[in-house]
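Listed here are the chains, written in short residue letters.
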Amino acid sequence: KGRRTAILAARKKTIETLQATKNQTKTASLLRLSFSQIHGVMLRAVDRGMSRRDPEKVYRHVCIDEKSVGRGQNYVSILYDGDTGKVIDATEGRKNEDANSLCEKALTEGQRKQVETVCTDMWEGFIQAAKKWFPNAKHCHDLYHCVTYLNDAVDKVRRWEAKKNDMLKGTKWIWLKDQSRYTDRQQATYDKLMACNLKVAKVWAVKEQFRSLIQQEYAGDMEAYLYFYMWFDDALALKSSAMEAVAFMFKRHLKGIIRAMVTKANNGKAERMNGSIQEIRTIGRGYATAKRFRTAILFFHGDLELY
């Protein structure tokens, strides 16, 4: 009995030290254990926590997103609780079969049927998995990702125009940063640029118009469609290939965008959790495999009973 008590105390100390350092190598050094011993404690803690999950817990809103394991094209797909941002589960890869496996294993059939909204970006594998595994849910496209696409279009126009206009050199963040967060110097630069007849300023204005559009309240789908097509016409009127490409992409995925505009479902909390996941990846100096990265994600951000 005394030996078991000592083992449990040592395990608890290891888990607490891991949670404090977020680094397995550092924890091993502090506790004078091997890396494999520390990883074993983490792995078993996650297995315990996952086995204790309530199979009847209701998730009303879920999100699917991906995160790179390290450098290169190695990814994990992650299923989040959209209401809390906590990670439900993760799996290696981001192909259609990977997303299908994630959605099937992470939740029971009964839980999947109770999901009301599922939010993804425009990655085809996530779209198909969302439609297949959450039959009663409204599928929405995350509007944060939509703004990211528009920011990319604005930056393309800026880089193109800067080749023949020196005024635009060094102004990248003027066009990408939220105007409410400008410094006094950035505001002065912005005022100066807007006094000129710049292509990038016109594209930026349409981007900001979309941001305003998605913040409004809508009585229903038809009203949201009406406002979207008014924006769509303005986007095409710019005669900008970069903006046209984004506008037509939005049109191809319009149903999911309209649902997001009306329901206000989004990946906001999941995106904030993504920042925390990035932190553990940075502190851990990357992970050798997607399997180990999954273990770390669930250990730190799976809201599990680890002890």
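Our structure's up above, just so we're on the same page.
Figured I'd write up the structure that's included with this text. (Residues numbered from 1 in each chain as written. Predicted model: local features only at pLDDT ≥ 70, side-chain atom pairs only at ≥ 80, totals over all residues. Heavy atoms only, no water.)

Some points on the overall build of the protein chain
Under the convention used in this document: By definition, any uninterrupted DSSP run of H or I lasting at least four residues is a helix, any uninterrupted run of E lasting at least two residues is a strand, and each is numbered from the N terminus. For the exposure calls, accessible area comes from a 1.4 Å probe over protein chains only, and a residue counts as buried if that area is under 20% of its type's maximum, exposed if over 50%, partly exposed in between. Throughout, a residue-residue contact means that at least one pair of heavy atoms, one from each residue, lies within 4.5 Å. Values of accessible area rely on a 1.4 Å probe in the Shrake-Rupley scheme; residue burial ignores everything except the protein chains shown. In this charge count, Lys and Arg are treated as positive and Asp and Glu as negative; neither His nor the chain ends contribute. A charge is said to be at NZ when it belongs to Lys, at CZ for Arg, at CG for Asp and at CD for Glu.
On a plain count of helices and strands, the protein chain comes out with 15 helices and five strands. The dimensions of the protein chain, computed from C-alpha atoms along their principal axes, are 80 × 45 × 30 Å. Here the protein chain holds 307 residues, and the buried ones make up 49% of them. Restricting to contacts in the protein chain with at least 6 residues of sequence separation, those with at least 24 account for 62%. Split by element, the accessible area of the protein chain, about 16,300 Å² in all, is 49% carbon and sulfur. Distance from the positive charge centre (54 side chains) to the negative charge centre (36 side chains) of the protein chain: 7 Å.

Examining the pattern of salt bridges
Basically, it comes down to this: Within this document, salt bridges are pairs made up of a side-chain nitrogen of Lys or Arg and a carboxyl oxygen of Asp or Glu, the two lying within 4 Å of each other.
Taken as a whole, this structure holds 11 salt bridges when the rule is applied. The residue D178 makes a salt bridge to R211 at a minimum N-O spacing of 3.1 Å. Taken together, the residues span a long stretch of sequence, with D178 in the loop between α8 (172-176) and α9 (184-194) and R211 in helix α10 (residues 199-215) at a distance of 33 residues. For K207, the salt bridge identified is with E208, shortest N-O distance 2.9 Å. The two residues K207 and E208 agree in class, both being buried. A cluster of three or more residues bridged by salt bridges with shared partners is formed by D178, K207, E208 and R211.

A word on the nonpolar core
Stated precisely, the cut-off is as follows: The set of buried Ala, Val, Leu, Ile, Met, Phe, Trp, Tyr and Cys residues whose side-chain atoms join them within 4.5 Å is what this entry labels a nonpolar core.
The biggest cluster of nonpolar side chains holds 74 residues, and the ones touching the most others in it are W175, F210, W231, F250, M261 and F299. In this structure M261 touches L143, L213, I214, Q216, Y218 and A224, once residues within four positions along its chain are discounted. If you look at the next biggest cluster of nonpolar residues, it comprises 18 residues, including I64, L79, A129 and A137.

Side note on the packing of helix α7 (residues 143-162) against helix α12 (residues 241-252)
If you want to describe how two helices pack, look at the angle between their axes and the distance between the axes. Note the cut-off: Axis definition: a line fitted to C-alpha atoms, over the contacting stretch in the case of helices. Angles run 0 to 180 degrees between N-to-C directions. These descriptions rest on fixed angle ranges, namely under 35 degrees for roughly parallel, over 145 for roughly antiparallel, 65 to 115 for roughly perpendicular, and the rest for oblique. By definition, any crossing whose near helix is turned counterclockwise from its far helix by less than a right angle is left-handed, and any crossing with a clockwise turn is right-handed. Any residue that is not Ala, Val, Leu, Ile, Met, Phe, Trp, Tyr, Cys, Pro, Asp, Glu, Lys or Arg is counted as polar, Gly included; the first ten are nonpolar and the last four charged.
The N-to-C vectors of α7 and α12 enclose an angle of 165°; their axes lie 8 Å apart at closest approach. Here α7 is positioned roughly antiparallel relative to α12, judged by the angle of their axes. Pair α7 / α12 crosses with right-handed handedness. Residues C146, Y149, L150, A153, K156 and V157 of α7 touch α12, and the partners they reach there are A242, M243, V246, M249 and F250. Taken together, the residues of the contact of α7 with α12 sort by class into 10 nonpolar, no polar and one charged.

A closer look at the pairing of strand β2 (residues 75-81)
Test applied: Two strands form a pair only when DSSP identifies at least two bridges running between them.
Within β2, seven of the seven residues are buried, leaving the element largely enclosed by the surrounding structure. Of the two faces of β2, the one holding Y75, S77, L79 and D81 and the one holding V76, I78 and Y80 are both buried throughout. Looking at chain direction, strand β1 (residues 61-68) and β2 are connected through seven bridges and run antiparallel. Bridge pairing in β2 places D65 opposite I78. Bridging between β2 and strand β3 (residues 87-92) involves five bridges; their strand directions are antiparallel. Counted as the bridge partner of Y80 is V87 from β3. Once β2 ends, the chain turns through five residues before running back antiparallel as β3, passing G85 with a positive phi of about 85°.

Overview of α12
Note the following rule: What a helix is expected to span follows from its residue count: subtract one and scale by 1.5 Å. What the arc describes is the spread of directions from the helix axis to the C-beta atoms.
In a regular helix each residue adds 1.5 Å, so 12 residues correspond to 16 Å; α12 covers 16 Å between its end C-alpha atoms and thus fits that length. Those residues of α12 not exposed but buried are A242, M243, V246, A247, M249 and F250. In an axial view of α12, the angular spread of the buried residues amounts to 160°, which keeps them on one side of the axis. Along α12, the residues that are exposed and aim more than 90 degrees away from the buried face are S241 and R252. Residues of α12 that are buried in the fold lie against α7, α10, α11 (221-237) and α13 (254-263).

Comments concerning the sheet that holds β3
Read from one edge to the other, the open sheet built from five strands follows the order β3-β2-β1-β4-β5, with strand pairing classed as mixed. Single-partner strands in this sheet number two, and they are β3 and β5 (138-141). Across this sheet, the average inter-strand angle for adjacent strands is 20°, counted without regard to direction. Across the sheet, helix α14 (residues 268-283) lies against β1, β2 and β3, angled at about 30° from β1, the strand it touches most.

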